[in-house]
Amino acid sequence: MATTVQYSTAKDFKPSEAKLEITQIRSVIGVKPNHRETVRSLGLKRIGHTVVREADAVTVGMLNTVKHLVKVEEAK
């Protein structure tokens, strides 16, 4: 029995004035070095760490790169 994993992808988000809550859900051990640097530049330091950033073009592009490592929600 195969289970499907659903990721909260950033592709649903467009650059806007909205605030995004970004949480690291997977480890960066064993991932590509540029993905590791991208997670770090988002401000994430460890699994479970959450940051709030604006949904500008740079942030959305970074989230598309590491969508398998993070969970993205709109901030309240």
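Before any of the text, the structure's been laid out above.
In short, a report on the structure.

What counts, and at which threshold
Residues numbered from 1 in each chain as written. Predicted model: local features only at pLDDT ≥ 70, side-chain atom pairs only at ≥ 80, totals over all residues. Heavy atoms only, no water. Pairing = 2+ DSSP bridges. Helix = DSSP H or I, 4+ residues; strand = E, 2+ residues; numbered from the N terminus. Buried < 20%, exposed > 50% of the residue type's maximum accessible area, 1.4 Å probe, protein only. Arc of directions from axis to C-beta. Contact = heavy atoms within 4.5 Å.

## Considerations on the pairing of strand β1 (residues 19-24)
Stage number 1. Pairing analysis gives five bridges linking β1 to strand β2 (residues 50-54), with the strands arranged antiparallel. Among the inter-strand pairings, Thr23 is bridged to a residue of β2, identified as Thr50.
Stage number 2. Of the strand pairs in this sheet, β1 and strand β3 (residues 70-74) are connected by five bridges, and their pairing is antiparallel. If you follow Leu20 over to β3, its bridge partner there is Glu74.

## A short note on helix α1 (residues 33-41)
Within an α-helix, residues lying three or four positions from one another point in the same direction, as the helix has 3.6 residues per turn.
Stage number 1. Where α1 is concerned, the buried positions are His35, Thr38 and Val39. Buried residues of α1 fall within an arc of 100° about the axis and therefore sit on the same side. Exposed side chains of α1 directed beyond 90 degrees from the buried face belong to Pro33, Glu37 and Arg40.
Stage number 2. Looking at the packing, one finds that the buried side of α1 touches β1 and α2 (57-65).
Stage number 3. Backbone geometry just after α1 places Gly43 at a positive phi near 100°.

By themselves these figures say nothing about function.
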